[in-house]
Amino acid sequence: MPVVTVRASSKQGPAQLDTLVRKVTQKTSGLLEENDRVLVVYSEGRANLYYEGAPRPRAVPRPD
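Residues numbered from 1 in each chain as written. Predicted model: local features only at pLDDT ≥ 70, side-chain atom pairs only at ≥ 80, totals over all residues. Heavy atoms only, no water.

1. Side note on the pattern of salt bridges
Side-chain pairs of opposite charge can arise where the charged atoms are in close proximity.
Logical step 1: For the structure shown, the criterion picks out 1 salt bridge.
Logical step 2: Measuring nitrogen to oxygen at the nearest pair gives 2.9 Å for the salt bridge that ties Arg37 to Glu52. Here Glu52 lies in the segment after β3 (46-51) and Arg37 lies in the loop between α1 (14-34) and β2 (38-43), a separation of 15 residues in the sequence.
Logical step 3: For Arg37, a relative accessible area of 55% puts it in the exposed group.
Logical step 4: Look at Glu52 and you get partly exposed, because its relative accessible area is 34%. (Salt bridge = Lys/Arg side-chain N within 4 Å of Asp/Glu carboxyl O. Helix = DSSP H or I, 4+ residues; strand = E, 2+ residues; numbered from the N terminus. Buried < 20%, exposed > 50% of the residue type's maximum accessible area, 1.4 Å probe, protein only.)

Given below as structure tokens:
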């Protein structure tokens, strides 16, 4: 199962949680456009988003 990790900012306290939730919401919305289910597992200062389907290809820079 592919996974995407989202990390909070270096802020502390409630601001860190707000930032993490905002980032997870944005990333989850994008994943739900292409997948039926997304599982979000929160941990200390980060969250892992597990989803069904093929992993997204990473952009590979082209040589000049």
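Let us keep going from here.
2. Remarks on the nonpolar core
Logical step 1: Core analysis: the biggest nonpolar cluster contains 9 residues, these being Val4, Val6, Ala8, Leu20, Val24, Leu31, Ala47, Leu49 and Tyr51.
Logical step 2: Only β1 (3-7), α1 and β3 provide two or more residues apiece to this core.
Logical step 3: In this view, Val4 contacts Lys27, Leu31, Ala47, Asn48, Leu49 and Tyr51; residues no more than four positions away in its chain are not counted. (Core = buried A, V, L, I, M, F, W, Y, C linked by side-chain atoms within 4.5 Å. Contact = heavy atoms within 4.5 Å.)

3. Let's talk about the environment of Ala47
Logical step 1: Following the sequence through the fold, Ala47 ends up in strand β3.
Logical step 2: Between the C-alpha atoms of Ala47 and Val21, which are 26 residues apart in sequence, the distance is 8.9 Å.

4. Here we look at α1
Logical step 1: With 21 residues, α1 should cover 30 Å at 1.5 Å per step; its first-to-last C-alpha distance of 31 Å lies within 8% of that length.
Logical step 2: Those residues of α1 that sit buried are Thr19, Leu20, Val24, Thr28, Gly30 and Leu31. Summarising the axial view, the buried residues of α1 lie within an arc of 160°, below the 170-degree limit, and thus occupy one face. α1 presents Pro14, Asp18, Gln26 and Glu33 as exposed residues on the side facing more than 90 degrees away from its buried surface.
Logical step 3: Where α1 is buried, its residues touch β1, β2 and β3. (Expected span 1.5 Å × (residues − 1). Arc of directions from axis to C-beta.)

Keep in mind these values describe shape, not function.
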